[in-house]
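# Residue-level structure breakdown
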Amino acid sequence: MTPTSDNAVRTVRLVTPGLPASDGAGVRMTRIIGTHALDHLDPFLLFDVFRSDDPDDYIAGFPPHPHRGFETVTYMFAGQMRHRDNAGNEGIIRPGGVQWMTAGRGIVHSEMPEQDQGLMWGTQLWVNLPAANKMVPPAYHEYPADEIPVETRDGDQRIAVIAGTTRLGTEGPVIGRPTAPIYLDIRLAAGRVFAEPLPEMHNAFAFVVQGRLDINGTRVDEGSLAVLGDGSIVEAESVSAEARFLLVSARALKEPIARGGPFVMNTQEELRRAFFDYQAGRF
Ligand code: CO
């Protein structure tokens, strides 16, 4: 008999705390995917974390700007952001709520703080679209915390399921996306081990929101992101009083990436076309 169980558990390939960055009209944040250390993790193009209780760090927000060719996923831990776009969508993202926006062929949106004091803490992830879906009509989905199911395991593991279906069958509200993403927000009591299968063709990362994890022998501290290697199972142990982390995976596209600011296409020609279409007011 061939022992396969150890091989199946994903190891940590890279741990990165990201780099300080500024985006929008001067929002201070930490960029974790989209840096020299981690340019992208197919199909994830960017992962930003903003966390500050100083309004000067966030008040300017993200005034109207375009996107084409991918999806943006905004998830809030504290504070509120107001979204508005030129497709007529508007909404406020509150703690525990997620906004899943498909830019597709083009959208112009703004993301502005809906507060002038207090803690603003959240993340934005960019998920690439396959060539066949880059020019789909834009779409917008907003799910407040009370529409996101929470699975409880062993009484002290709480798993908010934003996208995907867990091994116990809890299904998140985000469905039907081309990269079949899984997006879980997991809380673990001290010393508990979370275990979950992920499809082998998925690339995956864990971002530690709070506390400290041991992932298959590698320590991952608060605020750091761990890129997971190949395998079929993820195991993460809380080695702090309590740990909270995001576990995110999706199908790798293995397509060429042509990236220019807010546009992500497959070729330089498509990128030029995106800038041209935007300048010509075709979004
Ligand atoms: Co945006």
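All residue numbers refer to positions counted from 1 along the written sequence of the respective chain. Note on the predicted model: pLDDT of at least 70 is required for a residue's local features to be given, and 80 or more for side-chain atom pairs to be given and counted; whole-chain, interface and lining totals, by contrast, use all residues. Computation of side-chain values: all heavy atoms of the structure, hydrogens and water removed.

All right, on to the layout of surface pockets then. For the largest pocket, the calculated volume is near 420 Å³. Using a 1 Å grid laid over the protein atoms alone, points where a 1.4 Å probe fits but cannot get out form a cavity; open sets with protein on both sides within 12 Å along at least 5 of 7 lines form a pocket; any residue with an atom within 4 Å of a point counts as lining. In this structure, the largest pocket is lined by 24 residues; those nearest its centre are Asp23, Arg31, Leu46, Asp48 and Trp126. Each helix is a run of DSSP H or I of at least 4 residues and each strand a run of E of at least 2, with the numbering of both proceeding from the N terminus. Among the secondary structure elements, those contributing two or more residues to the lining of the largest pocket are β3 (27-33), β4 (44-52), β5 (62-67), β11 (120-128) and β23 (258-260). Here the lining of the largest pocket is built from residues that sort into seven nonpolar, 11 polar and six charged. Along the walls of the second largest pocket sit 16 residues, with Thr30, Val49, Arg51, Trp121 and Gly223 positioned nearest its centre. For the lining of the second largest pocket, the secondary-structure elements that each account for two or more residues are β3, β4 and β17 (202-210). Ranked by residues supplied to the lining of the second largest pocket, first place goes to β3 with four residues. Three classes are used, and their members are as follows: Ala, Val, Leu, Ile, Met, Phe, Trp, Tyr, Cys and Pro are nonpolar, Asp, Glu, Lys and Arg are charged, and the others, Gly among them, are polar. When the residues that make up the lining of the second largest pocket are grouped by side-chain class, the tally is eight nonpolar, four polar and four charged. Grid points are joined across faces, edges and corners, and a volume is the space filled by probe spheres set on the points.

Glancing now at the coordination of the cobalt ion. Around the cobalt ion, the protein supplies His65 (NE2), His67 (NE2), His109 (NE2) and Glu111 (OE) as donor atoms, at distances of 2.1 to 2.8 Å. Coordination here is defined by N, O and S atoms within 2.8 Å of the metal (3.2 Å for Na, K and Ca), and since water is not considered, a site can look incomplete. Here the metal geometry follows the donor angles, with tetrahedral for four donors whose angles all fall between 85 and 135 degrees, square planar for four and octahedral for six when opposite donors are more than 155 degrees apart and every other angle is between 65 and 115, and irregular for all the rest. Bound by four donor atoms, the cobalt ion shows angles of 82 to 179° at the metal and therefore irregular coordination geometry. Counting the intervening residues between successive donors of the cobalt ion yields the motif H-x1-H-x41-H-x1-E. An identical accessibility class is assigned to His65 and His67; each is buried. Partly exposed describes any residue whose relative accessible area lies between the buried limit of under 20% and the exposed limit of over 50%, with all areas from a 1.4 Å probe on protein chains only and scaled to the type maximum.

Cis geometry marks the peptide bond from Asp42 to Pro43, where omega comes out at 10°. Note that Pro43 resides in the loop between β3 and β4. Residues other than glycine seldom take positive phi values, yet Asn216 does so here, at roughly 50°.

The next point concerns the pairing of β4. Counting buried positions over the nine residues of β4 gives eight, a clear majority of the element. Two strands form a pair only when DSSP identifies at least two bridges running between them. Sheet topology places β3 next to β4; three bridges connect them, and they run antiparallel. If you follow Ile33 over to β4, its bridge partner there is Phe47. Summarising the sheet, β4 and β11 pair through eight bridges and their orientation is antiparallel. Across the sheet, the residue bridging to Leu46 is Trp126, located in β11.

Attention now moves to the sheet that holds strand β2 (residues 19-23). An order of β2-β3-β4-β11-β6-β9-β12 is seen for the seven strands of this open sheet, with the pairing classed as antiparallel. Unpaired on one side and paired on the other, β2 and β12 (139-143) mark the two borders of the sheet. The mean angle between the axes of side-by-side strands here comes to 25°, regardless of whether they run parallel or antiparallel. Fitted lines through C-alpha atoms give the axes, limited to the stretch in contact for helices. The angle between two N-to-C directions lies from 0 to 180 degrees.

On to the nonpolar core. The definition of a nonpolar core used throughout is a set of buried Ala, Val, Leu, Ile, Met, Phe, Trp, Tyr and Cys residues joined through side-chain atoms within 4.5 Å. Ranked by internal contacts, the top residues of the largest apolar core, which has 31 residues, are Phe47, Tyr183 and Phe205. The greatest single-element share of this core, amounting to four residues, is contributed by strand β6 (residues 70-78). Aside from chain neighbours lying at most four places away, what touches Phe205 is Ile33, Leu41, Phe44, Phe47, Leu125, Leu225, Ala226, Val227, Leu228, Leu246, Leu247 and Val248. Residues Val12, Val161, Leu188 and Ala226 belong to the second largest nonpolar core, which totals 22 residues. Two residues qualify as a contact provided that any one of their heavy atoms is within 4.5 Å of a heavy atom in the partner residue.

So, on to the pairing of strand β7 (residues 81-85). Every second residue of β7 is oriented toward a common face, the buried set being Met81, His83 and Asp85 and the non-buried set Arg82 and Arg84. The sheet contact formed by β7 and strand β8 (residues 90-93) spans four bridges and is antiparallel. Following the sheet pairing, Arg82 is matched in β8 by Ile92. Where β7 hands over to β8, the hairpin turn is made up of four residues, of which Gly88 adopts a positive phi near 95°. With five bridges joining them, β7 and strand β10 (residues 107-113) adopt antiparallel strand pairing. Within the sheet, the bridge partner assigned to Arg82 lies in β10 and is Met112.

Let's shift gears to the packing of aromatic side chains. In this scheme Phe, Tyr and Trp rings, the latter by its six-membered ring, pair at centre separations within 6.5 Å, and the angle between planes marks the pair as stacked below 30 degrees, edge-to-face above 60, and tilted otherwise. In total, this model carries 13 aromatic pairs according to the counting rule given. Through successive ring pairs, a cluster of aromatic residues spans Tyr75, Phe77, Trp100, Trp121 and Tyr183. Each ring is checked for a lysine NZ or an arginine CZ that lies within 6 Å of its centre and within 35 degrees of its normal; such an atom marks a charge sitting over the ring. It is Arg51 that lies over the ring of Trp121; its NZ or CZ is 3.8 Å from the centre.

A word on the pattern of salt bridges. The working definition used for a salt bridge is a side-chain nitrogen of Lys or Arg within 4 Å of a carboxyl oxygen of Asp or Glu. Applying the stated criterion across every chain, the model contains 20 salt bridges. Asp57 is paired through a salt bridge with Arg28; the nearest N and O atoms lie 3.2 Å apart. Here Asp57, found in the loop between β4 and β5, pairs with Arg28, found in strand β3; they are 29 residues apart in sequence, far enough to count as distant. The partner of Arg282 in a salt bridge is Asp277, with the nearest N and O atoms 2.9 Å apart. Accessibility expressed as a relative area gives 51% for Arg282, which makes it exposed.

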